[in-house]
Amino acid sequence: MLYQRSSQLFAEAEKVIPGGVNSPVRAFKSVGGTPIFVQEAKGAYLYDVDGNRLVDYINSWGPMLLGHAYPPVVEAVIEKAKKGTSFGMPTEIETEIAALAVSMVPNIDKIRFVNSGTEACMSAIRLARGYTDREKIIKFKGCYHGHSDSFLIQAGSGAVTFGSPNSPGVTQGTAKDTLLATYNDLANVASILEANKGEVAAIIIEPVAGNMGCIPPKPGFLEGLRQLCDTHETLLIFDEVMTGFRLARGGAQELFGVRADLVTFGKVIGGGLPVGAFAGSAQVMDYLAPVGPVYQAGTLSGNPLAMAAGLAMLQAINNDLAVFERLEEKTAYLEQGMRRVLEAKQIKYTINRVGSMISVFFDEREVVDFDTAGYGNNDQFKTFFHGLLKEGVYIAPSSYETWFITDALTYDDLDFTIQAVEKVFA
């Protein structure tokens, strides 16, 4: 494939945008090469500025559950735009999507809409701190909750060591209130809570990790976190920006049968437009202004275009719950096909999958946390990425990102992808 126009556009972008991109992973730093510039997308396919068609496995990093340019979403946005794009005042559609979301997700009474997953997680942490009157939080190494200061923290030298900033601009004062735990390690979490008894406001976790590749929780891990939080009177926050409305109608809470005190959303809930949300029980959510003392606001929160897109998406899912079965079957079919190829080629690999989230790691050892995710052969992943790209398949340009499957994929597309994997290792 030729990417002449993409290369030209990237060179132009670098002159006026830091790194030529507005989100770092798009820059292909992990895999090398020049980012692909998209012209348009439809269903399961991307069409780049050089005229290439690519089978898409990132789907805007998750929201395109039903495919790109999904007609009900597009039509809803067009019709709403005709009536105005922003008011800074309440609109009926905000209540409509809120009521639908609350009816779909277990254990939530109220929801507040914001403009991104980062904003949702940042706001949920502030609410948890205000509600509990505690300052510290626990997050897991390798879990990404947006670029708010509290979350850009890397692990220290021991289980109860304070984190240190992972990015310039994050202060030591902020870092000291973020405690790092190891994903899928209950004993580690318990020791941190004991060492900081009465000080931890919340534990925030991706119930299925997606930012160190797809890593599922071990059996009993989420249940154990729930018990620990109950014991220590700490709030449990599920970051369901990726998993919400993707793994099940009610997200990970429904799938695993574990109650969270607060849940954050993004991706699917916006139908592809910039939307985030956080939700919980009325008791906790009513601690927000203007009812309670914890302040959170946003001029474009509840933007009518975003609400229209999100409502159309949630309605489509709610009216076709078989979509989750189809997604499960398609992703399992892809997994089985790739396993056959990789084993036949005697490639060392591990595949992790939960529902329509899937990752390939080029190492035979089990991948259960951030450290084990790093075992993979990154040079082999680069070959894999560029080989698939050459064959017309687009996956995440980083071994630390999950793939997202869309219902728009046909079994012909999946066979095409499996054949492409075979060609890469021929």
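If you look the chain up in an unreviewed UniProt entry, it shows as Glutamate-1-semialdehyde 2,1-aminomutase from Myroides odoratus. Per UniProt, the comment on the chain under Subunit (unreviewed entry) is "Homodimer." Looking at the Pathway (unreviewed entry) heading of the UniProt record, one finds this comment for the chain: "Porphyrin-containing compound metabolism; protoporphyrin-IX biosynthesis; 5-aminolevulinate from L-glutamyl-tRNA(Glu): step 2/2."

Caption draft 1: Here's a closer look at the domain arrangement of the chain. Once the domains are mapped, the chain shows domain 1 (4-69 + 321-425) and domain 2 (71-319). Between the C-alpha centres of domain 1 and domain 2 there is a distance of 25 Å. On the side of domain 2, 34 residues touch domain 1, which itself brings 31 residues to the contact. With both sides pooled, the region where domain 1 packs onto domain 2 buries about 2,600 Å², and carbon together with sulfur makes up 68% of that total. Summed over the three residues of domain 1 that lose the most area to domain 2, namely Phe324, Val354 and Met357, the buried surface amounts to 22% of that side. Put simply, domain 1 and domain 2 have one salt bridge between them. Between aspartate 371 and lysine 141 there is a salt bridge, with its nearest N and O atoms 3.0 Å apart. Taken together, domain 1 and domain 2 are joined by eleven residue pairs in polar contact (both at pLDDT 80 or more).

Caption draft 2: Main features of the sheet that holds strand E13 (residues 350-354). Here three strands make up an open sheet; going across it, the order is E13-E14-E16 and the pairing antiparallel. Looking along the sheet, the strands with just one partner apiece sit at the ends: E13 and strand E16 (403-404). Here five bridges tie E13 to strand E14 (residues 357-361), and the two strands are oriented antiparallel to one another. Residue pairing in the sheet places arginine 353 in a bridge with isoleucine 358 of E14. Sitting on the sheet, helix H11 (residues 322-344) is in contact with E13, E14 and E16, with an inclination near 175° to E13.

Caption draft 3: Here's a closer look at helix H1 (residues 4-16). Residues of H1 that are buried: Ser6, Leu9, Phe10 and Ala13. The arc that holds the buried residues of H1, viewed along the axis, is 105°, so those residues lie on one side. Exposed and facing more than 90 degrees away from the buried side of H1 are Gln4 and Lys15.

Caption draft 4: Main features of the UniProt feature "modified residue: N6-(pyridoxal phosphate)lysine" (unreviewed entry) in the chain. UniProt tags Lys267 as "modified residue: N6-(pyridoxal phosphate)lysine" (unreviewed entry). Along the polypeptide, lysine 267 turns up in the loop between strand E11 (262-265) and strand E12 (276-280). Lysine 267 sits in the partly exposed class, given a relative accessible area of 24%. Each residue touching lysine 267, except ones within four places of it in the same chain, is listed here: Trp61, Gly62, Pro63, Val241, Met242, Gly272 and Val275.

The rules behind the values
Residues numbered from 1 in each chain as written. Predicted model: local features only at pLDDT ≥ 70, side-chain atom pairs only at ≥ 80, totals over all residues. Heavy atoms only, no water. UniProt positions renumbered as here; feature names shortened; annotations may be inferred. Domains from an automatic or database assignment. Contact = heavy atoms within 4.5 Å. Buried area = accessible area lost by both parts, 1.4 Å probe. Salt bridge = Lys/Arg side-chain N within 4 Å of Asp/Glu carboxyl O. Polar contact = N/O pair within 3.5 Å; in protein donor to acceptor, adjacent residues only side chain to side chain. Pairing = 2+ DSSP bridges. Helix = DSSP H or I, 4+ residues; strand = E, 2+ residues; numbered from the N terminus. Axes fitted to C-alpha atoms, helices over the stretch in contact; angles between N-to-C directions. Buried < 20%, exposed > 50% of the residue type's maximum accessible area, 1.4 Å probe, protein only. Arc of directions from axis to C-beta.

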